[in-house]
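A structural walkthrough
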Amino acid sequence: MALVVLDAVDSPDIMQTMTKDQHGVAVVGCGALAQMMHLPHVVSNPRTKLVVACDLDRDTAEACRSRFGAERAETDWHQVVASRDVDLIILATHTNLRAELIVPALHAGKPVYTEKPLANSIEEMHTIVRASRETGVPVCVGHNRRSSPAMLEFRRLVEKALNGARPTAPTMDRSVNRAPIPEESRMQILIRINDDCRSWKDWIFHDPQGILYAEMVHFIDLALWLNPSKPVKVFAEGSRCGNFAIVLRFEDGSITTMHHSLSGHFDYPKELFECTVRHFSIAMEQHIEIRQCGFDDEPALKVFPYDSECSWAVQKGVAGYFREMEAERRRAKAVGGNPKWLNVNKGHYDHLDRFLDCIEGRGSNPCDAADSVPVIVVAHKLQAAIDEGCPLSIISDELEASL
Ligand SMILES: NC(=O)c1ccc[n+]([C@@H]2O[C@H](COP(=O)([O-])OP(=O)(O)OC[C@H]3O[C@@H](n4cnc5c(N)ncnc54)[C@H](O)[C@@H]3O)[C@@H](O)[C@H]2O)c1
C-alpha cells in the first residue's frame, strides 16, 4: 500500500547545491522508514546531497521531493541506476526489490546501502555478495544497531569480559576452594524484544515469513556479532507473526535466547540485551542505559542521549525515560492530542555515515553483504525449525558466501 507524506510542504529552500565533496544520493522506496530516517539524514548530513526521491507511487515520490528538497522525483529505479549525478543509492523498499536493483547498481559503480533483510532467499543473497566481490563496489546492510552508541559500548564491555578482565569478588562467595567449571566461561545472552502489534503496519499480519524473518534479522545479526563462536544449532517456537522464542547454540557451548512479543505496550522500553560471561553481568536497555557488575574500572550505570529529535526529554536512562513518558502523557491529556514519542538513537545516522567513510576509503564497512550471509542462513533455518517443531543443525559451509 502506498504511503503519501501527510505533512508535506513545498520547501524548495532546503534544496542545497551539491558541493564537489558531497555524495549525490538517491533514496529508492520512500515509505515509513525512509521518511523517518534516511531522507532527513541525507538532508542533514553535510557529506550527502539528496538528488532523487524514488518511489513506485508517484504521489509519495513527489511529496518526498518537495518535503526533503530532492532535485527530482522518479518512479522507475532504472532511471536512478542510469543517473550520472547519483553516486550512492539507499534502497529502502521491502525485499520485493533487492538483487534486481543492487546488481546493476554495483556494475554501474554505485555503492548501495540496503535496508535489511539483505535478500529474500539464500540464492539472491549469494548473487548480491558475488556482484559486490566481482565489482569491488561495496554494499552496506542496514543493520544499524551495530552503530548505536550504546550497543557499541555494550559490545566493548562484552569483549573486555571475554578477553581476560578479572571480575570483582561477589558479596557472597563460596567458590574459594572449588575448581572452575566450563559453564563459567560460556556466554549466555538474552535479547528481549517487547513489541506492540498495534503500532505495526498491515504487512506483518499477511507476510508468510512474518517478524521472525523481516525484523529478527536485526537481532540475529547482533547475536552473531556479539558471539565470537559460530552458530551450530537453532530452534524457534511460537507464531512467526511475532510471539516467539528463539534459541541459538554456538560451537563453544554459548547460548543466545531471543524472546519476541507482540502483546506488549509500545511505550515500554522495547529492547533489552543481557550478557553474562566469566562472572560479568552486562545489560543494555533501549539504547539509553548500560548497567554492569564485575568491572571495577567501569561505571556501574551509564546513560546515553535520546534521538536528536527528542531534546524535550531531559531526564536520562531507563528511570528518566519512565518519568518523561509519564509527564508527557499528563501534558497531552491536559491539552488534548497524542503524547510525543520518546525515540532513541539506534544508530541509523551513524551507520550511513560510517558507510560514507568506507566509500571514501577512510574506514571499514559497518556491515558488508558478506557479514549478512550467516544472518540470512540462520533466519531461514529458524523458519524451517518453527515449521518442523525441532532444533536444526547448521553446518559450517552454509555460513560461507558461495562464489
Ligand atoms: N533499519 C530499521 O530500523 C528498519 C525499520 C523499519 C523498516 N525497515 C526496513 O525498511 C524497508 C521498508 O520498510 P517500511 O516500513 O519503510 O515500508 P513501507 O511499505 O512504508 O515503504 C516501502 C516503500 O517502497 C516503495 N516501493 C516498493 N517497491 C518499489 C519499487 N520497485 N521501486 C520504488 N519504490 C518501491 C513503496 O511504494 C513504499 O512507499 C523494509 O525492508 C524494512 O524491513 C528497517
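Reading the values: the criteria
Residues numbered from 1 in each chain as written. Predicted model: local features only at pLDDT ≥ 70, side-chain atom pairs only at ≥ 80, totals over all residues. Heavy atoms only, no water. Domains from an automatic or database assignment. Contact = heavy atoms within 4.5 Å. Buried area = accessible area lost by both parts, 1.4 Å probe. Salt bridge = Lys/Arg side-chain N within 4 Å of Asp/Glu carboxyl O. Polar contact = N/O pair within 3.5 Å; in protein donor to acceptor, adjacent residues only side chain to side chain. Helix = DSSP H or I, 4+ residues; strand = E, 2+ residues; numbered from the N terminus. Nonpolar A, V, L, I, M, F, W, Y, C, P; charged D, E, K, R; others polar. pLDDT = per-residue confidence, 0-100. Buried < 20%, exposed > 50% of the residue type's maximum accessible area, 1.4 Å probe, protein only.

1. Here we look at the domain arrangement of the protein chain
Split into domains, the protein chain comes out as domain 1 (12-143) and domain 2 (146-169 + 181-304 + 344-399). The C-alpha-based centres of domain 1 and domain 2 are spaced at 26 Å. Contact with domain 1, which involves 35 residues of that partner, is made by 34 residues of domain 2. At the boundary of domain 1 with domain 2, total buried surface from both sides reaches about 2900 Å², with 67% on carbon and sulfur atoms. The interface formed by domain 1 and domain 2 contains 4 salt bridges. When the shortest N-O distance is used, the salt bridge between Asp-353 and Arg-47 registers 3.1 Å. For the pair domain 1 and domain 2, the number of links is 15 residue pairs in polar contact (both at pLDDT 80 or more). Put simply, the parts of the chain that give the side of domain 1 that touches domain 2 at least two residues each are helix H1 (32-44), strand E4 (88-91), strand E5 (112-114), helix H5 (122-135) and strand E6 (139-141). Looking at the side of domain 1 that touches domain 2, its residues break down into 21 nonpolar, 11 polar and 3 charged.

2. Re the confidence of the model for the protein chain
Averaged over the protein chain, the pLDDT score is 94; the fraction of residues at 70 or greater is 95%. This stretch, residues 1-15, has a pLDDT under 50; its non-local contacts, to residues over four places away or in other chains, come to 30 contacts.

3. Digging into the side chain of Glu-74
Within the element layout of this structure, Glu-74 appears in strand E3 (residues 72-74). A relative accessible area of 16% places Glu-74 in the buried class. Among the polar contacts listed, one links the side chain of Glu-74 to the side chain of Arg-72, at a separation of 3.4 Å. Those residues in contact with Glu-74, other than ones at most four positions away along the chain, are Val-52, Ala-53, Cys-54, Asp-55, Ala-61, Gln-79 and Val-80.

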